[in-house]
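So the chains spell out like this:
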Amino acid sequence: MKPRVWITGPVAEAALPGLRELADVTMRPAPEKALPDEMLAGVPGLAGLLPVNGARVDAEVLDTAGPSLRIVANFGVGYDNVDVGAATARRIPVTNTPDVLVESTADVAFGLLIAAARRFGEGQSAAREDRWQWAQGLMWGQEVSGATLGILGLGRIGSAVARRGRAFGMRVLYHSRSRKPEAEFALPCEYRSLEDMLAEVDFLSLHVALKPETRHILNGPALARMKRTAIVVNTGRGGLVDQAALLAAVRDGRIAGAGLDVTDPEPPSPDDPILHAPGIYVTPHIGSASVGARTAMTRVAAENLTAVLRGRRPPNCVNPEVLG
Ligand code: NAP
């Protein structure tokens, strides 16, 4: 009998033939995130679980799956939806899908940066609502070219956004846990403490992983250090930002605006003010939603599953200590 694999939402079928040969694969057809009850109902007896759309995998899900579960192959580079500690305690490898979504996500970050700076949303509404005017004073925004860009988390995606900034003639500052001498020389970019970077930048783009120590890294006091003309871009995770503080800062004119691909919670309720505040642009977590990136993410997740089901080391394990 083939080992059973459950994919909790639709993914690119074109990347699955190899996995289907090896395993009995079931794909949940609903596009929304699987709810906790569905997760508990879906996991008993699985050998492999592929959570999609941030479906939550906690200790209860792992225990309900039982001892047959050999891998949690998360779809995405961020894996804050998986209790990695609980998986490690049960010696279950957790994998992610890094690298293949870097350029796609950086494109969305830079797109949001320009959209918020140059007020694309208001422009589209004006054009659609018969308020088209070629008026000298209309919709002045922030200049992108030549401005100062701050990158919080100069990892894979942060570096790709920094490269885009350089192509726009921007000066790039960054803050990460560790200094990056090679990037400082090659981009070039300059290291700053978080406090100093916040005060200096025209645009701040967030790219750190969401962990207990990075939750609300951009909180009220941090926002208060920023320029009144500054714009915040977040394609990392909604929980990196104190959303109520961000909303208040934009509403009160203490910063100029924001472009958010991620919110807290996700999805926001339709009447959440974050969706309706002038100057805040929200896209529904589409950072990696290009044909190429999403197909490649499926291929990488399938490779991780296939490796473990064949008794090999998965290429993208985030808790390698369980592999021995
Ligand atoms: P990555 O290469 O691991 O980069 C993360 C960076 O954050 C690293 O440079 C790291 O610094 C830095 N960092 C971690 N903790 C920090 C802290 N406490 N203070 C300052 N810097 C810290 O990850 P990635 O591939 O670029 O992905 C970044 C995040 O983007 C993911 O975790 C995910 O949540 C999000 N994402 C979102 C989408 C979307 O659709 N919107 C798509 C893909 C990814 P060091 O280098 O010093 O360790």
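Owing to the predicted nature of the structure, the values given are computational and were not obtained by experimental measurement.

S.K.: Where do I start with the overall build of the protein chain in this structure?
M.R.: Scanning the protein chain from terminus to terminus reveals 12 helices and 12 strands. Taken over the C-alpha trace, the protein chain has a radius of gyration of 21 Å; the compact-globule value for 324 residues is 20 Å, and the two agree within 12%. Viewed in the frame of its principal axes, the protein chain has a C-alpha envelope of about 70 × 50 × 35 Å. Within the protein chain, the proportion of its 324 residues that are buried is 50%.

S.K.: Explanation requested: the packing of aromatic side chains in the structure shown.
M.R.: In this description, an aromatic ring pair is defined by two values, namely the gap between the centres and the angle between the planes. Applying the stated criterion to the full structure yields 2 aromatic pairs. Between tyrosine 174 and tyrosine 191, the aromatic rings sit 5.4 Å apart at their centres with planes inclined by 70°, giving edge-to-face as the arrangement. Remark: tyrosine 191 occurs in strand β8 (residues 190-191) and tyrosine 174 occurs in strand β7 (residues 171-175); sequence separation between them is 17 residues. Of the residues examined, tyrosine 174 reaches a relative accessible area of 0% and is grouped as buried.

S.K.: Any chance you could explain the domain arrangement of the protein chain here in plain terms?
M.R.: Accessible area lost during the coming together of the parts is what is often quoted as the interface size. Taken domain by domain, the protein chain comprises domain 1 (4-99 + 291-323) and domain 2 (102-282). Relative placement of domain 1 and domain 2: their C-alpha centres are 31 Å apart. The partner domain 2 presents 6 residues to the 7 residues of domain 1 that form the contact. A per-residue breakdown of the area domain 1 buries against domain 2 is headed by Val77, Asp80 and Asp99, which together make up 66% of the total. Put simply, domain 1 and domain 2 have 1 salt bridge between them. The residue arginine 237 makes a salt bridge to aspartate 80 at a minimum N-O spacing of 2.8 Å. Linking domain 1 to domain 2 there are 2 residue pairs in polar contact (both at pLDDT 80 or more). Partitioned by chemical class, the residues of the side of domain 1 that touches domain 2 number 3 nonpolar, 1 polar and 3 charged.

S.K.: So what exactly am I meant to see when it comes to the site of the ligand here?
M.R.: What surrounds the ligand is a group of 25 residues, the closest being Ile157, Arg177, Ser178, Lys180 and Asp261. A distance of 3.5 Å separates an oxygen atom of the ligand from a polar backbone atom of leucine 154. In the complex, 87% of the free accessible area of the ligand, which totals 940 Å², lies under the protein chains. Its residues placed into classes, the shell around the ligand shows 7 nonpolar, 13 polar and 5 charged.

So, how was this worked out
- Per chain, the residues get numbers from 1 upward, laid out in the order the sequence is written.
- Where local features are concerned, this predicted model is filtered to residues with pLDDT of at least 70; where side-chain atom pairs are given and counted, the filter is 80 or more; whole-chain, interface and lining totals use all residues.
- By convention in this description, side-chain values take in all heavy atoms of the structure and omit both hydrogens and water.
- Runs of H or I in DSSP of at least four residues are treated as helices and runs of E of at least two as strands, each being numbered from the N terminus.
- Radius of gyration here is computed from C-alpha atoms only, and the compact-globule reference equals 2.2 Å multiplied by the residue count raised to the power 0.38.
- To sort residues, take the accessible area from a 1.4 Å probe on protein chains only and compare it with the maximum for the residue type: under 20% means buried, over 50% means exposed, and anything in between is partly exposed.
- Only rings of Phe, Tyr and Trp enter the pairing, Trp through its six-membered ring, and a pair is recorded when the two centres are within 6.5 Å. The plane angle decides the type: under 30 degrees is stacked, over 60 is edge-to-face, the rest tilted.
- Note: domain ranges come from an automatic or database domain assignment.
- We call two residues in contact whenever any of their non-hydrogen atoms come within 4.5 Å of each other.
- The term buried area denotes the loss of accessible surface (1.4 Å probe radius) that occurs when two parts are joined, taken as the sum for both partners.
- In the sections that follow, a salt bridge refers to a side-chain nitrogen of Lys or Arg positioned within 4 Å of a carboxyl oxygen of Asp or Glu.
- As used in this structure description, the phrase polar contact means that two N or O atoms lie within 3.5 Å; if the pair is within protein, one of them must be able to donate a hydrogen and the other to accept it, and residues adjacent in sequence are counted only when both atoms belong to side chains.
- Three residue categories are used. Nonpolar comprises Ala, Val, Leu, Ile, Met, Phe, Trp, Tyr, Cys and Pro, charged comprises Asp, Glu, Lys and Arg, and polar comprises the others, including Gly.
- Nearness of a residue to a molecule or strand requires only that one of the residue's heavy atoms be within 4 Å of it.
- Only the protein chains shown count as cover for residues, and the accessible areas themselves come from Shrake-Rupley with a 1.4 Å probe.

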